[in-house]
Every structure is written in C-alpha cells, then in structure tokens.
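Inside the fold
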Amino acid sequence: MPTDASPPASPDQPPRYAFFGPTGTFTEAALRTVAPAGAPADPYPSVDATIAAVRSGLADIGVVPIENSVEGGVSATLDGLAAGDPLLVVGEVVIPVTFVLAARPGTALADVRTVSTHSHAHAQVRRWLDRNLQGARYLPSLSTAAAAAGLAEPVDAEAAGYDAAVCAPLAAARFGLEVLAEDIGDTRGAETRFVLLARPAAPGERPVIPAPTGADKTSLVAFLRADHPGALIEVLEQFVTRGINLSRIESRPTGDALGRYSFSIDCEGHVAESRVGEALMGLHRICERVRFLGSYPQAGSPAVTGSGPGEEAFAAAESWLQRVRAGRSV
Ligand SMILES: O=C(O)C(=O)Cc1ccccc1
C-alpha cells in the first residue's frame, strides 16, 4: 500500500488503481479485465480503505464489489459512497464467481474443522459446507484472498486458526494451496458486479463522467424528506413517468435514527439524456438530498434504455414550451 499521495494521472499516464485486496481477490480479477496491461495497481485491505485511497489521491481509480447476484448489495460500498467526500462511479464490471475449498498441501477434506472466507463468499457456499463439512466452524475474513493468504503465511500450522479457505481458484494457486473441492458455490452462474470509482473533476480539470454510449447506467442515492405515506412511490414516479427502467433499488439505514432510510438506486440511461436529467431534477425537488453517483456504460449485454418518448420528444416538448411562453401561436 503506498503512503504518499501520488500526483493525479496526466492524460498520457495510465491511472493508478486501488483495489480491494490482497492479491487474488475477485476484485483484482475484475480489475484485470479493465486496467491497461502494466497499469499500477495497489491492494487495500478493505472496501473502506480502497475508497479512502481514491478520496485522498493515493489512487486515481478504485475498484470495489457493489452487488452479488446471490447475496445482494455490499453494504460497505453502498454506505461508503452515500457519505463522505463525493466520488463518481465511472465504470462497472460483472464477473462470474467460482469458489474452491483450499488448504495447505497434505490436508484431507476430513481434517477440515474450521473454514475461513469473506462473508459474501460464505453466504454463497453455506449449503455446500453443511452437506460436505457438517459441523465445521466458520471464521470470517476480510476477503477470500486474505483467508487463502492466512494459510500460506504462518510457519507453524496452528497459527492461522483455521484449516481451509473458500477462495478463487487463482488465489489458491497464488498462495501455494491445494484445492480440496472445486466449484462449491450453491448457485450456478453466480455473478458479482464491481464498480470503478474516481474523484469528481476539480474546476479546470477534465470531466470524469464518461460520454453517453446509448447503453448507460446512472447511480444515485436519494435521501427522503420526513417519512410520510407514499414517499417511496413519489421517488419511483420520477422514473416511471419518464419511461426509465430501474436496475437496482435498495434501502439503507441513514444511521441517524431507527426508521430513517436512504435509497440507493441504479437506473438505465445517462445524465446527459433529457429523461434522466429531468428525473434527477424531479428527485431534487421532492427529496431532502440527492447524491449523484455517476453515469457510465453498462457492463455485459446492454439493455435498451428507456421506453416511451425518446430524446427527440423531450427536445420537441422543450421548444414547444418556449414558443408557448413567448406567446407565439402553437
Ligand atoms: O473477497 C474477495 O475476493 C472479494 O473481492 C469480495 C468478494 C467476495 C465474494 C464474492 C465476490 C467478491
């Protein structure tokens, strides 16, 4: 982990990446699918530390998990983005996750009494563990790769405090572990979505919001005004009336008091499009606060964004209103 803030990457310099590490995490695998070969990339031990590295300028781009198809949202990421100095999501990566059970060479499956891994990985292999290692204890680790690394490090076998790790096949290989069982996920085809984070541009700097591609996603956090009947419907209406599809919405406690929630939302479309811009303005009118988290190209097979009237209809309505206001015949 570097300790001095590195200067911001110049246009001809590759960005410096921070990722939720150590080496061998699924997050590193996600990063490698997007970072140019040879780009500097530093591991950080937690989601919070990775986000902090981007905020402080130690890194230009941070990569963290945000959502899993089986276990749902990654709270550390959702909460880290909702509070503190604003950051922008500038990209997303979706990768399949395949878990192995790995141990020090010479360990037999029957010897495994304690298993360590990241809580999200544990949630995805729980049934396999129940069936194949009945009664085995679970010890949470900071990441899947940290669990694998912990088995490689201690000189005496007792020091790790656990017998096996649930991790990526790559992490098992990297830390010299033996794979006791492959593909142990309870759900076939599980995927995790990762986001790429950057600091918003300072005045005079190049904007960091990627240009619209026609298949984009916009992320935001809506903080509702005082609780009242229909508060959530009012938020949803801003999207429905403009033909905008939501791809994720989840509530998170604000931390102020019981019953106080914010809504973390992903919708299809780009802030540069009228329909998304107008929805954001609508939210701004009805919410206590809205935090815009970025517009960026959708990963994978892009969904068609928006239904109903398109950009031309929004532009036509705008110029019609101008004519009405000017008192011209319409
Ligand atoms: O621990 C890791 O390897 C991570 O990158 C977080 C994670 C954990 C489980 C599934 C996907 C990502």
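Residues take numbers from 1 onward in each chain, read along the sequence in its written order. Owing to the predicted nature of the model, reporting of local features is limited to residues with pLDDT of at least 70; listing and counting of side-chain atom pairs is limited to 80 or more, with chain, interface and lining totals taken over all residues. With hydrogens and water set aside, each side-chain value is computed from the structure's full complement of heavy atoms.

**What about the domain arrangement of the chain?**
Formally: Note that the domain bounds were set by an automatic or database domain assignment. Residue contacts are defined here by distance: any two heavy atoms, one from each residue, within 4.5 Å place the two residues in contact. By convention, the term buried area covers the 1.4 Å-probe accessible surface removed from two parts as they join, with the contributions of both added. Just to be clear on terms, a salt bridge is a Lys or Arg side-chain nitrogen sitting within 4 Å of an Asp or Glu carboxyl oxygen. Counted as a polar contact is a pair of N or O atoms within 3.5 Å, where, for protein atoms, one must be capable of donating a hydrogen and the other of accepting one, and residues adjacent in sequence contribute only when both atoms are in side chains. Secondary structure counts use DSSP, requiring at least four H or I residues in a row for a helix and at least two E residues in a row for a strand, with both numbered from the N terminus. Residues are grouped as follows: nonpolar covers Ala, Val, Leu, Ile, Met, Phe, Trp, Tyr, Cys and Pro; charged covers Asp, Glu, Lys and Arg; every other residue, Gly included, is treated as polar.
Along its sequence, the chain is carved into domain 1 (11–98 + 185–200), domain 2 (100–181) and domain 3 (214–330). A straight line from the C-alpha centre of domain 1 to that of domain 3 covers 25 Å. Contacts between the two partners involve 21 residues from domain 1 and, on the opposite side, 17 residues from domain 3. Carbon and sulfur atoms make up 50% of the surface buried where domain 1 meets domain 3, a total of about 1400 Å² over both sides. Put simply, domain 1 and domain 3 have three salt bridges between them. If you look at where domain 1 meets domain 3, you find eight residue pairs in polar contact (both at pLDDT 80 or more). If you list the elements that add at least two residues to the side of domain 1 that touches domain 3, you get α3 (75–82) and β5 (88–96). Here the side of domain 1 that touches domain 3 is built from residues that sort into 11 nonpolar, four polar and six charged.

**Brief notes about the sheet that holds strand β12 (residues 216–224)**
Two orientations exist for strands paired in a sheet by backbone hydrogen bonds: parallel and antiparallel. How we decide: DSSP-based pairing: two strands are paired if at least 2 bridges between them are found. To define axes, lines are fitted to C-alpha atoms, for helices over the stretch in contact only, and angles between the resulting N-to-C directions are given on a 0 to 180 degree scale.
Judged by pairing direction, the sheet is antiparallel, and its four strands sit side by side in the order β13-β14-β12-β15 without closing on themselves. Edge strands, defined here as strands with exactly one partner in the open sheet, are β13 (246–253) and β15 (287–297). Sheet twist, expressed as the mean angle between neighbouring strand axes with direction ignored, is 15°. When β12 meets β15, the two strands line up antiparallel, connected through nine bridges. Looking across to β15, one finds that serine 219 is bridged to glycine 294. In the packing of helix α8 (residues 274–286) onto the sheet, contacts are made with β12, β14 (261–268) and β15, and the angle to β15 comes to roughly 160°.

**So, the site of the ligand**
Stated precisely, the cut-off is as follows: For this description, a residue counts as near a given molecule or strand if any of its non-hydrogen atoms is within 4 Å of it.
Taken together, the neighbourhood of the ligand is formed by Phe20, Thr25, Phe26, Thr27, Val97, His118, His120, Ala121, Gln124, Ser143, Thr144 and Thr192. Contact between the ligand and phenylalanine 26: an oxygen atom at 2.9 Å from a main-chain N or O atom of the residue. Interatomic distance of 2.6 Å between a side-chain N/O atom of threonine 27 and an oxygen atom of the ligand. For the shell around the ligand, the secondary structure elements donating two or more residues are α1 (26–32) and α4 (119–132).

**Focus on the packing of helix α2 (residues 47–56) against α3**
Filter applied, for reference: What sets the label is the angle itself: under 35 degrees gives roughly parallel, over 145 gives roughly antiparallel, 65 to 115 gives roughly perpendicular, and the rest give oblique. Note on convention: near helix rotated counterclockwise from far helix by under a right angle means a left-handed crossing. Clockwise means right-handed.
One can describe the packing of α2 onto α3 by two numbers: an axis separation of 9 Å at closest approach and a directional angle of 30°. With respect to α3, the element α2 is oriented roughly parallel. Read as a crossing pair, α2 and α3 show a hand that is right-handed. In this structure, α2 contributes Val47, Asp48, Ile51 and Arg55 to the contact, and α3 contributes Ala76, Thr77 and Gly80.

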